[in-house]
Amino acid sequence: MNEQLQPLKKQPRAGKAGRSGTQDDIVYAHIFEAILEQRLAPGTKLSEEALGEIFGVSRTIIRRALSRLAHEGVVLLRPNRGAVVASPSIEEARQVFMARRLVERAITELAVQHATADELLELRQMVNDERDSFSRGDRGAGIRLSGEFHLKLAEAAKNAPLISFQRSLVSQTSLIIAQYESGNRSHCSYDEHTQLIDAIQARDATLAVNLMMHHMDHIDSKLNLDEESASDDLHAVFSHLLQTKKPGRSPIKL
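Residues numbered from 1 in each chain as written. Predicted model: local features only at pLDDT ≥ 70, side-chain atom pairs only at ≥ 80, totals over all residues. Heavy atoms only, no water.

1. Topic: empty space enclosed by the protein
Here is step 1: In the structure shown here, the tally under the stated rule is 2 cavities of 30 Å³ or more.
Here is step 2: Within this model, the largest cavity holds a volume of roughly 280 Å³.
Here is step 3: Lining the largest cavity are 21 residues; nearest its centre among them are Ile-143, Ser-146, Gly-147, Ile-177 and Ile-219.
Here is step 4: Elements with a contribution of two residues or more to the lining of the largest cavity: α6 (139-156), α7 (160-180), α8 (189-201) and α9 (205-220). (1 Å grid on protein atoms, 1.4 Å probe; cavity = no way out; pocket = protein on both sides within 12 Å on 5 of 7 lines; lining within 4 Å. Points joined across faces, edges and corners; volume = space filled by probe spheres on them. Helix = DSSP H or I, 4+ residues; strand = E, 2+ residues; numbered from the N terminus.)

Now the structure itself:
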């Protein structure tokens, strides 16, 4: 199989790291993004054959990407049965949110100390993009941008282990929300994000932490045990990529 996946022409923001790297970087980043946008349902079987066809790469490349996602806790590798998107239990969801609260508190405190003017401007632009996405009805992009906001905030905290941990927690949170969020799909995260940026810019650690904890309370309050809104059809999830493929199963030009 021809394996000449091309990197994205547009330079991605920090939250999309990896989409201009190696072949498995690109596959990893597209699956990660689909999880952030809640286009992949918890429990979805990730067929190596189907993904290899979609991305125009070998199973070896697909396995590398899935292994990275498994390390972050969003994919489950099952011996002799293949990979599936993780489907967190209620107890696992509670543990993730507890860890997320602790990490968000630490990140917020550090961001108050270390965030630069340029980083705060980038965070504000991400909030604007998030608001625009929800306004035009692109819920998936809005959810992804909301997650990327928290990843960018982690970068502003200037603590490498927290950045890595936060990346895993944000993606797991997206799965939990896809699996357990209530029918009320209203989002005001961009307003809460703006208030948080204002507090960080004012170097008010107490206010910033309080706002972040309120933000986490707001997310937590919308969870229940009912609906799933994502899809378990790999070809449907990545249809925008398949449309760019040429006849003869040529690779996707990403």
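2. A few points about the packing of aromatic side chains
Here is step 1: Applying the stated criterion across every chain, the model contains 2 aromatic pairs.
Here is step 2: Ring centres of Tyr-28 and Phe-32 lie 5.8 Å apart, and the angle between their planes is 25°; this geometry places the pair in the stacked category. On the criterion of helical spacing, the pair formed by Tyr-28 and Phe-32 is a turn pair, its members being 4 residues apart in helix α1 (residues 23-36).
Here is step 3: Residue class for Tyr-28 comes out buried when judged on its relative accessible area of 2%.
Here is step 4: Residue classification places Phe-32 among the buried positions, given a relative accessible area of 3%. (Phe/Tyr/Trp six-rings, centres within 6.5 Å; stacked < 30°, edge-to-face > 60°. Buried < 20%, exposed > 50% of the residue type's maximum accessible area, 1.4 Å probe, protein only.)

3. Some details on the layout of surface pockets
Here is step 1: What the second largest pocket holds in volume is close to 160 Å³.
Here is step 2: Together, 12 residues line the second largest pocket, and Ile-90, Ala-93, Arg-94, Asp-220 and Leu-223 are the ones closest to its centre.
Here is step 3: Where the lining of the second largest pocket is concerned, the elements lending two or more residues are α4 (90-114) and α7.
Here is step 4: The greatest single-element share of the lining of the second largest pocket, amounting to 6 residues, is contributed by α4.
Here is step 5: Among the residues forming the lining of the second largest pocket, the class breakdown is 8 nonpolar, 1 polar and 3 charged. (Nonpolar A, V, L, I, M, F, W, Y, C, P; charged D, E, K, R; others polar.)

4. Description of the sheet that holds strand β2 (residues 75-78)
Here is step 1: Pairing is antiparallel across the open sheet formed by 3 strands, whose spatial order is β1-β3-β2. In this open sheet, the two edge strands, each paired with only one partner strand, are β1 (45-46) and β2.
Here is step 2: Across 2 bridges, the pairing between β1 and strand β3 (residues 82-85) is antiparallel. Looking across to β3, one finds that Lys-45 is bridged to Val-84. (Pairing = 2+ DSSP bridges.)

5. Looking at helix α2 (residues 48-55)
Here is step 1: Every buried residue of α2 is listed here: Ala-50, Leu-51, Gly-52, Ile-54 and Phe-55.
Here is step 2: The inward-facing, buried residues of α2 abut α1, β1, α3 (59-71), α10 (234-237) and α11 (239-242).
Here is step 3: Two to three positions downstream of the cap, the backbone nitrogen of Glu-49 sits 3.3 Å from a side-chain oxygen, assigning the N-cap of α2 to Ser-47.
Here is step 4: Following α2 by one or two positions, Gly-56 has its phi on the positive side, about 70°. (Contact = heavy atoms within 4.5 Å. Polar contact = N/O pair within 3.5 Å; in protein donor to acceptor, adjacent residues only side chain to side chain.)

6. Re unusual backbone geometry
Here is step 1: A positive phi angle, close to 65°, is found at Asn-80, a residue other than glycine.
Here is step 2: Examined against the element boundaries, Asn-80 turns out to sit in the loop between β2 and β3.
Here is step 3: A relative accessible area of 87% places Asn-80 in the exposed class.
Here is step 4: At Lys-158, a position not held by glycine, the phi torsion is positive, near 60°.

7. Some remarks on the packing of α6 against α7
Here is step 1: Where α6 contacts α7, the two axes come as close as 9 Å, and the packing angle between them is 165°. Relative to α7, the element α6 is oriented roughly antiparallel. Like other packed secondary-structure pairs, α6 and α7 cross with a definite hand, here right-handed. Along the contact surface, α6 presents Ile-143, Gly-147, His-150, Leu-151, Ala-154 and Glu-155, while α7 presents Ile-163, Gln-166, Arg-167, Val-170 and Ser-174.
Here is step 2: Residues that form the contact of α6 with α7 fall into these classes: 5 nonpolar, 4 polar and 2 charged. (Axes fitted to C-alpha atoms, helices over the stretch in contact; angles between N-to-C directions. Parallel < 35°, antiparallel > 145°, perpendicular 65-115°, else oblique. Left-handed = near helix turned anticlockwise from the far one by under 90°.)

8. Examining the pairing of β2
Here is step 1: Note: β2 against β3, 4 bridges, orientation antiparallel. Pairing of Leu-76 across the sheet is with Val-84, part of β3.
Here is step 2: Connecting the antiparallel pair β2 and β3 is a turn made up of 3 residues, with Asn-80 showing a positive phi of about 65°.

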